[in-house]
Amino acid sequence: MQEIKIELTKTPKQKPQDQSKLGFGKIFTDHMYIMPYNKEHGWHDPKIVPYQPITLEPSAMVFHYGQEMFEGLKAYKTEDGRVLLFRPDKNIARANHSNDRLCIPEIPADDFLNALKTLVKVDKDWIPTQPGTSLYIRPFVIATDPFLGVRPSDTYLFIIILSPSGAYYESGLDPVKIWIEDDYVRAVRGGIGEAKTGGNYVASLAAQVKAHDEGYSQVLWLDGVERKYIEEVGAMNIFFKINGKVVTPMLNGSILPGVTRASCIDLCKHWGMEVEERRISVDELVEAAKSGALEECWGSGTAAVISPVGALRYEDTVMEIGGGGIGPVSQKLYDTVTGLQTGKVEDTFGWTVEVDG
Ligand SMILES: *Cc1c(COP(=O)(O)O)cnc(C)c1O
């Protein structure tokens, strides 16, 4: 494992005073991690430096062909002052899976974990403590060759920045309304849907704008080939409870394999519920809603953890779920996952990793 050189800031910023106004992704801490890659030295010379702008050539490949990977996870402070990461090994494995798909060189897992732990430790006083708040961690890699030809870059930067973020729900869980998109698609099998990369997000913006204009907060994507099978929400995976069973789309190459998704599946199975990972057609969903078999629906992702869905709209059909309220499985998953993350629920799964000191 490579040693990280640390240069502390001489001008620490004022930390946010009012934790109820943090929002998401607007404030950044005092430091960042940065590690370059080149052919000669591989990933080398990792540093933690004061948070600052980076300088790139306008010809840097990331600007033109989108060769970039990102991740998202959170650090939490427990009541007794410990700092926990939630399943960072899963994010690291997924990052390298994305890297592989995007022709970005693999980042050694031990260097990656050491980077997360060391940076969070340096900026641990930035971790907010009010219920629902956390320190959002954004690792990413960009291609930096100054070159306009199309090929994988020979040089990269791996950077990690930290952002204190507020409670996603200000007053408890709040059901969202979701638009099932039947025109635009996000990803196709064989494409990059399975990788966490900016390209998938830019592909999603037009539908998101449309859904917002119609009064819906998020888009639920159908498969990119037949536009028939449920895939996932903008930045969340999706779950249904149909006739007592928990059902979620199987990973098929165009769905992002969420860490929160995996945790929901593991917990529901642990509680003795039947969980099916399979194809779900939008027609099956409409039928289940009509017959009353669709008991619950929720999204899962790092930002919101669990997002209960109160209504789904497909073409001219608006399906209200569970009277628009919060279902019991959604609530139990939210309480358990956030309880584990913040050390309130004892971690018998070995999912949390303590940042020491
Ligand atoms: C990050 C992401 C998710 C959720 O993954 P988590 O690991 O649970 O945060 C789901 N879908 C997409 C498209 C994503 O980018």
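Remember, it's a predicted structure, so these values are computed and weren't measured experimentally.

Caption draft 1: Geometry of the overall build of the protein. From N to C terminus, the protein includes eight helices and 19 strands. Relative to a compact globule of 357 residues, whose C-alpha radius of gyration would be 21 Å, the protein shows 21 Å and is just as compact. Counting only C-alpha atoms and orienting by the principal axes, one finds that the protein spans roughly 60 × 55 × 35 Å. When burial is assessed residue by residue, the protein has 52% of its 357 residues classed as buried. Expressed as a percentage of contacts within the protein between residues at least 6 apart in sequence, the contacts between residues at least 24 apart total 71%. Only carbon and sulfur atoms are counted for the fraction: they give 51% of the accessible area of the protein, which is about 16100 Å². Of note, the protein has its 37 positive side-chain charges centred 1 Å away from the centre of its 49 negative side-chain charges.

Caption draft 2: Looking closely at the site of the ligand. The immediate surroundings of the ligand are formed by 15 residues, with K196, Y201, E232, T260 and T302 found nearest. Within the contact set of the ligand, a nitrogen atom lies 2.5 Å away from a side-chain nitrogen or oxygen of E232. When the ligand is considered free in solution it has 380 Å² of accessible area, and contact with the protein chains removes 97% of it. Residues of the shell around the ligand, tallied by class, amount to five nonpolar, six polar and four charged.

Caption draft 3: Quick look at the domain arrangement of the protein. Partitioning the protein into domains gives domain 1 (5–165) and domain 2 (176–341). Placing a centre on the C-alpha atoms of domain 1 and another on those of domain 2 gives a separation of 27 Å. Each side of the interface is counted separately: domain 1 has 20 residues, and domain 2 has 21 residues. Together domain 1 and domain 2 conceal approximately 1800 Å² of surface at their shared face, both sides included; 58% is due to carbon and sulfur atoms. Among the residues of domain 1 in contact with domain 2, F70, F86 and R94 are the three that bury the most area, contributing 34% of the side total. Summed over the shared surface of domain 1 and domain 2, the result is one salt bridge. Here D266 and R87 are joined by a salt bridge, their closest N and O atoms 3.6 Å apart. If you look at where domain 1 meets domain 2, you find twelve residue pairs in polar contact (both at pLDDT 80 or more).

Caption draft 4: Inspection of the packing of helix 2 (residues 88–101) against helix 3 (residues 109–122) at higher detail. At a closest axis distance of 10 Å, the pairing of helix 2 and helix 3 adopts a crossing angle of 130°. One finds that helix 2 runs oblique with respect to helix 3. Considering only the axes of helix 2 and helix 3, their crossing is right-handed. Listed contacts from helix 3 to P88, I92 and A95 of helix 2 are A109, F112, L113 and L116. Along the lines of polarity and charge, the residues of the contact of helix 2 with helix 3 split into seven nonpolar, no polar and no charged.

Caption draft 5: Representation of the environment of Q218 within the structure. Among the secondary structure elements, Q218 is positioned in strand 11 (residues 218–222). In contact with Q218, other than residues within four places in its own chain, are Y168, K177, I178, W179, A211, V233, G234 and M236.

Caption draft 6: Structural view of the nonpolar core. Grouped together as the largest cluster of nonpolar side chains are 34 residues, with contacts concentrated most on Y33, V120, I137 and F158. Of all the elements in the fold, those that place two or more residues in this core are strand 2 (31–38), strand 6 (73–77), strand 7 (83–86), helix 2, helix 3, strand 8 (134–143) and strand 9 (156–165). For this core, the element with the highest residue contribution is helix 3, accounting for five residues. With residues up to four places along the chain from it excluded, the contact list for V120 reads A75, V83, L85, I127, I137, L162 and V355.

Caption draft 7: Highlighting the environment of T29. Tracing the backbone shows T29 in the loop between strand 1 (5–6) and strand 2. Residue classification places T29 among the buried positions, given a relative accessible area of 0%. The spacing of T29 and V305 is 276 residues in sequence and 22 Å in space, taken between C-alpha atoms. With residues near it in sequence (within four places) discarded, T29 still touches K13, Y51, D123, W126, L135, L162 and P164.

Caption draft 8: Structural view of the packing of aromatic side chains. Using the criterion set out here, one finds twelve aromatic pairs in the structure. Ring centres 5.0 Å apart and planes at 70° place the aromatic pair F24 and Y136 in the edge-to-face group. Highlighted residues: F24 in the loop between strand 1 and strand 2 and Y136 in strand 8, separated in sequence by 112 residues. A relative accessible area of 47% means that F24 is categorised as partly exposed. Relative accessible area serves as the criterion here: at 9%, Y136 is assigned to the buried category. Where F349 meets W351, the ring centres are 4.4 Å apart and the plane angle is 15°; that geometry is what we call stacked. Here F349 falls in the partly exposed class, since its relative accessible area comes to 29%. Under the relative-accessibility criterion, W351 is labelled buried at 7%.

Caption draft 9: Looking closely at unusual backbone geometry. Despite not being glycine, D45 shows a phi value in the positive range, around 55°. Considering the arrangement of structural elements, one finds D45 in the loop between strand 3 (42–43) and strand 4 (47–50). Given a relative accessible area of 33%, D45 falls into the partly exposed group. With phi around 50°, R227 is a residue other than glycine that occupies positive phi space. What makes R227 partly exposed here is its relative accessible area of 39%.

Definitions and cut-offs
- Residues numbered from 1 in each chain as written.
- Predicted model: local features only at pLDDT ≥ 70, side-chain atom pairs only at ≥ 80, totals over all residues.
- Heavy atoms only, no water.
- Helix = DSSP H or I, 4+ residues; strand = E, 2+ residues; numbered from the N terminus.
- Rg over C-alpha atoms; globule rule 2.2 N^0.38 Å.
- Buried < 20%, exposed > 50% of the residue type's maximum accessible area, 1.4 Å probe, protein only.
- Contact = heavy atoms within 4.5 Å.
- Areas by Shrake-Rupley, 256 points an atom, 1.4 Å probe, with all protein chains shown as cover.
- Lys, Arg positive; Asp, Glu negative; His and termini not counted.
- Charge placed at Lys NZ, Arg CZ, Asp CG, Glu CD.
- Near = heavy atom within 4 Å.
- Polar contact = N/O pair within 3.5 Å; in protein donor to acceptor, adjacent residues only side chain to side chain.
- Nonpolar A, V, L, I, M, F, W, Y, C, P; charged D, E, K, R; others polar.
- Domains from an automatic or database assignment.
- Buried area = accessible area lost by both parts, 1.4 Å probe.
- Salt bridge = Lys/Arg side-chain N within 4 Å of Asp/Glu carboxyl O.
- Axes fitted to C-alpha atoms, helices over the stretch in contact; angles between N-to-C directions.
- Parallel < 35°, antiparallel > 145°, perpendicular 65-115°, else oblique.
- Left-handed = near helix turned anticlockwise from the far one by under 90°.
- Core = buried A, V, L, I, M, F, W, Y, C linked by side-chain atoms within 4.5 Å.
- Phe/Tyr/Trp six-rings, centres within 6.5 Å; stacked < 30°, edge-to-face > 60°.

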